[in-house]
Amino acid sequence: MDKLTIQTSTNAYDVLVGGGLRHQFLDYLDQSYDDVLVITDSNVESLYLQDVLTTLSSVKRVNYTVVPAGEASKNGRVYFDLLTEAINMGLDRHGLIIALGGGMIGDLAGFVAATFMRGVDYLQMPTTILAHDSSVGGKVAINHPEGKNLIGSFYPPKAVIYDVETLHTIPQTEIRSGYAEIAKHSMIHSPSFWTDINQVSLEKPLNETWLIRDLIRGIEVKAKIVEQDEREANVRQFLNFGHTLGHALEAELGYGVYTHGEAVAIGMLFAMELSQQYFGNRLPVDAFLQWLKTNHYPIQVANLSITALMNRMKRDKKAKQQRIQMVLLKELGMPVVEEIDDVTIKDALQLFLRKLVK
Ligand SMILES: NC(=O)c1ccc[n+]([C@@H]2O[C@H](COP(=O)([O-])OP(=O)(O)OC[C@H]3O[C@@H](n4cnc5c(N)ncnc54)[C@H](O)[C@@H]3O)[C@@H](O)[C@H]2O)c1
Ligand SMILES: O=C(O)C(=O)C[C@@H](O)[C@H](O)[C@H](O)COP(=O)(O)O
Ligand SMILES: [Zn+2]
């Protein structure tokens, strides 16, 4: 088992990464709980819920609730229903919520934990590759029809219990989605990290040694940034590389049409193109595009209105008075945030989307 400790301005928590942790995670908590509510989704329920409930058999009172799988569940209605269930179950401030699932569950259940009775303890138990990112750092949120994660909080978990055995069952699309965020961590970190990712083939079965290496490196990159700037006053914005357009695509296409990682991958490609135009530098745009194609990422986004995408980008959380702020790369490992005027974005987007269709 690997252990990393995240030390932020508000608290410290451990991220445990290992095989079979769903069978023994109680041993690793620094306190016990008499009341636990497990929140999971309809896919993870049939795979791992029973294991987790068995591990919790010594706890006095355990409840669980299941939401429909998919990004569409990360919304205000499901959130409110979960709060109602927590109230009806009699969960109190001394209880624990467990978010068992991918990033959708982590964000949703984390936001329930952040707001129920003004905050109860929660554990992140990630079950996707993508959730190496979402389970660390304490960003919790739900979507609004007008934009991704527009309602949320910074609320770190008590611990992250990452049982990598659960990754054996994730579908190919979710491997792609998760590796897009690892590629993001690599590009904002260093040329050598990207070089390693560029060599990874996402066909199943994945090389387990490489997978765990990549997950841990991704978590380390994220941890280092979050430790410096938990509430995104400055450097945490770098973790948003690819998300300005990525989030706009997710909302514009309809949540769940493209996975988060697929949309972010397109967003990274755009941010790299724009970086080259802005700084006159050379980035591995062609290599990244080739890696996306080889690994069957959907990269065509036809029939989208540039105006609608730009309006969404203006509502991004980094935006300042509707002026779009983009995370660009001066070089691999050197991200910066730049304000880009509307005409430049519009022209670049037009060119970019046309090029993708070819
Ligand atoms: N908070 C953050 O810092 C942060 C970071 C990145 C992404 N996110 C958010 O995370 C979400 C995406 O997370 P995700 O990609 O994990 O999506 P997800 O949680 O929707 O999971 C993807 C799919 O995989 C299924 N699944 C989960 N675990 C499985 C397993 N072990 N075996 C088989 N199927 C499994 C799910 O049921 C779902 O159908 C988005 O909402 C995104 O905005 C948040
Ligand atoms: O942790 C962060 O900070 C990130 O930006 C990580 C992103 O991968 C993640 O998708 C995050 O939820 C985006 O945050 P948002 O503030 O743009 O909603
Ligand atoms: Zn993301």
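Residues numbered from 1 in each chain as written. Chains lettered and ligands numbered in written order. Predicted model: local features only at pLDDT ≥ 70, side-chain atom pairs only at ≥ 80, totals over all residues. Heavy atoms only, no water.

### Some details on empty space enclosed by the protein
The probe, sized like a water molecule, is rolled over the atoms to show the empty space still left. Stated formally: With a 1 Å grid spanning the protein atoms alone, the term cavity applies to any set of points in which a 1.4 Å probe fits but cannot get out, the term pocket to an open set with protein on both sides within 12 Å along at least five of seven lines, and the term lining residue to any residue with an atom within 4 Å of a point. Grid points are joined across faces, edges and corners, and a volume is the space filled by probe spheres set on the points. Secondary structure follows DSSP: runs of H or I at least 4 residues long count as helices, runs of E at least 2 residues long count as strands, and numbering of each begins at the N terminus. What fixes the domain bounds is an automatic or database domain assignment.
Applying the stated criterion across every chain yields a total of two cavities of 30 Å³ or more. The space that makes up the largest cavity amounts to roughly 110 Å³. Taken together, 13 residues line the largest cavity, and the ones lying closest to its centre are Gly147, Lys148, His247, Arg312 and Asp316. Elements that contribute at least two residues to the lining of the largest cavity include exactly β8 (147-154), α8 (243-253) and α11 (306-313). Each of domain 1 (2-167) and domain 2 (172-357) gives at least three residues to the lining of the largest cavity. Estimates place the volume of the second largest cavity at around 40 Å³.

### A short note on unusual backbone geometry
We note that His296 has phi near 60 degrees; this positive angle belongs to a residue other than glycine. If you check the backbone angles, Gln321 has positive phi at about 45 degrees while not being a glycine. Relative to the helices and strands, Gln321 resides in the loop between α11 and β10 (325-331).

### Looking at helix α5 (residues 172-189)
Rules: By this rule the span expected of a helix is its residue count minus one, scaled by 1.5 Å. The classification of residues rests on relative accessible area computed with a 1.4 Å probe and restricted to protein chains. Under 20% of the type maximum is buried, over 50% is exposed, and intermediate values are partly exposed.
With 18 residues, α5 extends 26 Å from end C-alpha to end C-alpha; this agrees with the ideal 26 Å at 1.5 Å per step. Of all 18 residues that make up α5, 14 are buried, and the element is covered over most of its length.

### Some thoughts on the site of ligand 1
Put simply, the rule is: The rule for a residue being near a molecule or strand is that one of its heavy atoms must lie within 4 Å of it. Polar contacts here mean pairs of N or O atoms no more than 3.5 Å apart (in protein, one a potential hydrogen donor and the other a potential acceptor; neighbouring residues in sequence count only if both atoms are side-chain atoms). Per-residue and other accessible areas were derived by the Shrake-Rupley procedure at a 1.4 Å probe size, with only the shown protein chains allowed to occlude residues. Nonpolar residues are Ala, Val, Leu, Ile, Met, Phe, Trp, Tyr, Cys and Pro. Charged residues are Asp, Glu, Lys and Arg, and all others, Gly as well, are polar.
In the neighbourhood of ligand 1, 28 residues make up the surrounding shell, with Asp41, Glu71, Thr128, Lys148 and Thr169 lying closest. Between an oxygen atom of ligand 1 and a side-chain N or O atom of Asn43, the distance comes to 2.9 Å. A distance of 2.7 Å is found between an oxygen atom of ligand 1 and a side-chain nitrogen or oxygen belonging to Thr128. In the complex, 92% of the free accessible area of ligand 1, which totals 870 Å², lies under the protein chains. Elements supplying a minimum of two residues to the shell around ligand 1: α1 (42-55), α3 (103-115), α4 (131-134), β8 and α5. Residue contributions to the shell around ligand 1 peak at four residues, all from α1. Its residues assigned to classes, the shell around ligand 1 shows eight nonpolar, ten polar and ten charged. In terms of domain composition, the shell around ligand 1 takes at least three residues from each of domain 1 (2-167) and domain 2 (172-357).

### Thoughts on the UniProt feature "domain: 3-dehydroquinate synthase N-terminal" (unreviewed entry) in the chain
For the record, the criterion: UniProt positions are given in the numbering used here, feature names are shortened, and annotations may be inferred rather than shown by experiment.
Per the UniProt record, the feature "domain: 3-dehydroquinate synthase N-terminal" (unreviewed entry) sits at residues 66-176. Across residues 66-176, helical content stands at 32% and strand content at 30%; the span's end C-alpha atoms are separated by 25 Å.

### Quick word on the environment of Leu332
Put simply, the test is: A contact between two residues is defined here by any heavy atoms of the two lying within 4.5 Å.
By secondary structure assignment, the location of Leu332 is in the loop between β10 and β11 (334-339). Residue classification places Leu332 among the buried positions, given a relative accessible area of 12%. Expressed as a C-alpha distance, the spacing of Leu332 and Leu283, which sit 49 residues apart in the sequence, is 7.2 Å. The residues touching Leu332, leaving out its near neighbours within four places in the chain, are Met187, Ser190, Pro191, Trp194, Leu283 and Pro284.

### Description of the coordination of the zinc ion (ligand 3)
Heads up, the condition is: Each metal's donors comprise the N, O and S atoms found within 2.8 Å of it (within 3.2 Å for Na, K or Ca). Water is not part of the atom list, so some coordination spheres may appear incomplete.
For the zinc ion (ligand 3), the full set of protein donor atoms is Glu181 (OE), His243 (NE2) and His260 (NE2), and the range of their distances to it is 1.9 to 2.1 Å. In primary sequence terms, the donor set of the zinc ion (ligand 3) follows E-x61-H-x16-H. One end of the pair, Glu181, is in helix α5; the other, His260, is in helix α9 (residues 260-279), with 79 residues separating them in the sequence. Note on His260: relative accessible area 16%, which makes it buried.

### A short note on the domain arrangement of the chain
Note the following rule: Buried area, as used here, totals the accessible surface that two parts lose on assembly, with accessibility defined by a 1.4 Å probe and the loss added over both. Definition used for salt bridges: Asp or Glu carboxyl oxygen within 4 Å of a side-chain nitrogen of Lys or Arg.
The domain architecture assigned to the chain consists of domain 1 (2-167) and domain 2 (172-357). For domain 1 and domain 2, the distance between their C-alpha centres works out to 26 Å. Every contact between the two is made by 31 residues of domain 1 and, on the other side, 34 residues of domain 2. Contact between domain 1 and domain 2 buries roughly 3000 Å² in total, counting both sides, with carbon and sulfur atoms accounting for 63%. Taken as a group, Ile129, His132 and Lys148 account for 22% of the area that domain 1 buries against domain 2, more than any other trio of residues on that side. The tally of links from domain 1 across to domain 2 stands at five salt bridges. With a shortest N-O distance of 2.6 Å, Asp133 and Lys222 are connected by a salt bridge.

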